[in-house]
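Coordinate analysis (summary)
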Amino acid sequence: ADPLLLRRENGVEGRAVRVGTRRSQLARIQTDSVVMMLRDLYPDLHFEIAVAMSTTGDKILDTALSKIGEKSLFTKELENALEKNEVDLVVHSLKDLPTSLPPGFTIGAVCKRENPLDAVVFHPKNCGKTLSLLPEKSVIGTSSLRRAAQLKKKFPQLEFRDIRGNLNTRLKKLDEKEDFSAIILAAAGLKRMGWENRIGQLLGPEDCLYAVGQGALAVEVRAKDQEILTMVSALHDADTVLCCIAERAFMKRLEGGCSVPVAVNTVLKDGQLYLTGAVYSLDGSDSLKETMQTSVNYPNQNEDGPNDDVQHVGITAKNVPAQAQEAAENLGIELANLLLSKGAKHILSVARQLNDAH
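The name given to the protein chain in an unreviewed UniProt entry is Porphobilinogen deaminase, and the organism recorded there is Neodrepanis coruscans. Quoted verbatim from the Sequence similarities (unreviewed entry) field of the UniProt record, the comment on the protein chain reads "Belongs to the HMBS family." Quoted straight from UniProt, the Catalytic activity (unreviewed entry) entry for the protein chain says "4 porphobilinogen + H2O = hydroxymethylbilane + 4 NH4(+)".

Next comes the structure, spelled out in structure tokens:
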């Protein structure tokens, strides 16, 4: 019998919950970690991981990410499987998910964020160094316009070059060839892969603001599938949700994506959410950066009713106070508006044109 027909009156019990994942090792590790949390929460449920999917972003390895021009690079194939009911939920890095999801989908959970900072991994011969100690003209590999723009400005003596492929491929390219003195990766991915010992330098906000959603895992589900939505919502980490709503709202208002350098840093402390956001020209020479804050200190009201499935920049978080989510979203929009009023649109459109022309 179809596992979906086995559901009892009380929801998902007795049903196999199918989880979709990309093929890469990191995607598998991230998916496994989410499934482990779900198994702990719902010991009576049966979870199956369906690995089938190489996505567009995995297949096109000879082109810079920012050039492919496809918004949902790593997510499209997974969403197709979700739409066809082949899987019930999909685990992504939140930073891979566009700020507007296709109709019918929502982010049903945002898990507690791992360290969101960027990390420098050095070639073995540069072990123990930092970026500022590398010889002049050393080549640094990164596939991110955001990282390159910030670091070019901070370390003009270094050269930045594109490096693609999954984490394993990039580390191999670094170690086995002499092309790169170091590469920049997200600390979160290295930690999840168990390669924390390769982190030679963590780049704090003074060196490099991170990507929107970096370090957080998102669980994407069908927006209408109440059972699955309710089930995964237990994984929401309220603080991470609020930070990421603010960041995604900032990005969405700026219409930023892979093809322009947009960066953030978020701090949630004593009920106050502080969002720093910045936009850069491709070489980092031109930039705008501002910080704003708002209170997100609201009680959780259990209001059942028509608006319990309000999405904020693609996220449905029933168990996070609605007013706090609204405040976070407004903070992102207002910060973007402030940068736009200071000329962000010009910086971003020049960056976009230059990037397209390369």
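Alright, that's what it looks like, and here's the rest.
Points about helix 5 (residues 145-154)
Helix 5 sits mainly inside the fold: seven of its 10 residues count as buried. Among all positions of helix 5, only L145, R146, R147, A148, A149, Q150 and L151 are buried.

Observations concerning the sheet that holds strand 12 (residues 272-280)
With respect to topology, three strands assemble into an open sheet ordered 11-12-13, the strand pairing being antiparallel. Among the strands making up the open sheet, the edge pair consists of strand 11 (262-269) and strand 13 (287-295). Strand-to-strand, the axes of this sheet are offset by a mean angle of 15 degrees, without reference to chain direction. Here strand 12 pairs with strand 13 via nine bridges, running antiparallel.

Some remarks on the pairing of strand 3 (residues 89-93)
Put simply, side chains in a regular strand alternate between the two faces of the sheet. The buried fraction of strand 3 is high, at five of five residues. Alternating positions in strand 3 separate into two faces, L89, V91 and S93 on one and V90 and H92 on the other, with burial throughout. In this sheet, strand 3 lies alongside strand 1 (residues 16-22) in parallel orientation, the contact comprising two bridges. When the sheet's bridge partners are listed, G20 is paired in strand 3 with V90. Bridging between strand 3 and strand 10 (residues 217-222) involves five bridges; their strand directions are antiparallel. Pairing of L89 across the sheet is with V221, part of strand 10.

A few points about the pattern of salt bridges
Pairs may arise between side chains of opposite charge once their charged atoms sit close together. Under the counting rule described, the total for this entry stands at 16 salt bridges. In this structure, E247 and R113 form a salt bridge, with 2.9 Å as the shortest nitrogen-oxygen distance. Remark: R113 occurs in the loop between strand 4 (105-110) and strand 5 (118-122) and E247 occurs in helix 9 (residues 238-254); sequence separation between them is 134 residues. For E247, a relative accessible area of 0% puts it in the buried group. Overlapping salt bridges, with partners in common, bring together R18, D88, R222 and D225 in one network.

Section: the side chain of H123
Mapping H123 onto the fold places it in the loop between strand 5 and strand 6 (139-141). Its relative accessible area of 5% is what places H123 among the buried residues. Within polar-contact distance, the side chain of H123 engages the backbone oxygen of K177 at 3.3 Å. Aside from chain neighbours lying at most four places away, what touches H123 is L174, D175, K177, E178, F180, S181 and A182.

Points about the nonpolar core
Core analysis: the largest hydrophobic core is formed by 51 residues, its most contacted members being L94, I107, F250, L254, V262 and V279. Contributing elements (two or more residues each) for this core: helix 4 (76-83), strand 4, helix 9, strand 11, strand 12, helix 10 (322-341) and helix 11 (344-357). At 10 residues, helix 9 tops the list of elements feeding residues into this core. Excluding anything up to four places from it in sequence, L254 contacts V262, V279, A336, L340, A344 and L348.

Digging into the sheet that holds strand 9 (residues 199-203)
If you walk across this open sheet you meet the five strands as 7-6-8-5-9, and the pairing is mixed. Strands with a single pairing partner mark the edges of an open sheet, and in this sheet they are strand 7 (159-161) and strand 9. Between one strand and the next, the sheet's axes are offset by a mean angle of 30 degrees, whatever the strand orientation. Against the sheet, helix 5 makes contact with strand 5, strand 7, strand 8 (182-186) and strand 9, and its axis sits at roughly 130 degrees relative to strand 8, the strand it touches most. The strands touched by helix 6 (residues 167-176) within the sheet are strand 5 and strand 8, with strand 8 carrying the most contacts at an inclination of about 165 degrees.

Definitions and limits used
Residues numbered from 1 in each chain as written. Predicted model: local features only at pLDDT ≥ 70, side-chain atom pairs only at ≥ 80, totals over all residues. Heavy atoms only, no water. UniProt positions renumbered as here; feature names shortened; annotations may be inferred. Buried < 20%, exposed > 50% of the residue type's maximum accessible area, 1.4 Å probe, protein only. Helix = DSSP H or I, 4+ residues; strand = E, 2+ residues; numbered from the N terminus. Pairing = 2+ DSSP bridges. Axes fitted to C-alpha atoms, helices over the stretch in contact; angles between N-to-C directions. Salt bridge = Lys/Arg side-chain N within 4 Å of Asp/Glu carboxyl O. Polar contact = N/O pair within 3.5 Å; in protein donor to acceptor, adjacent residues only side chain to side chain. Contact = heavy atoms within 4.5 Å. Core = buried A, V, L, I, M, F, W, Y, C linked by side-chain atoms within 4.5 Å.

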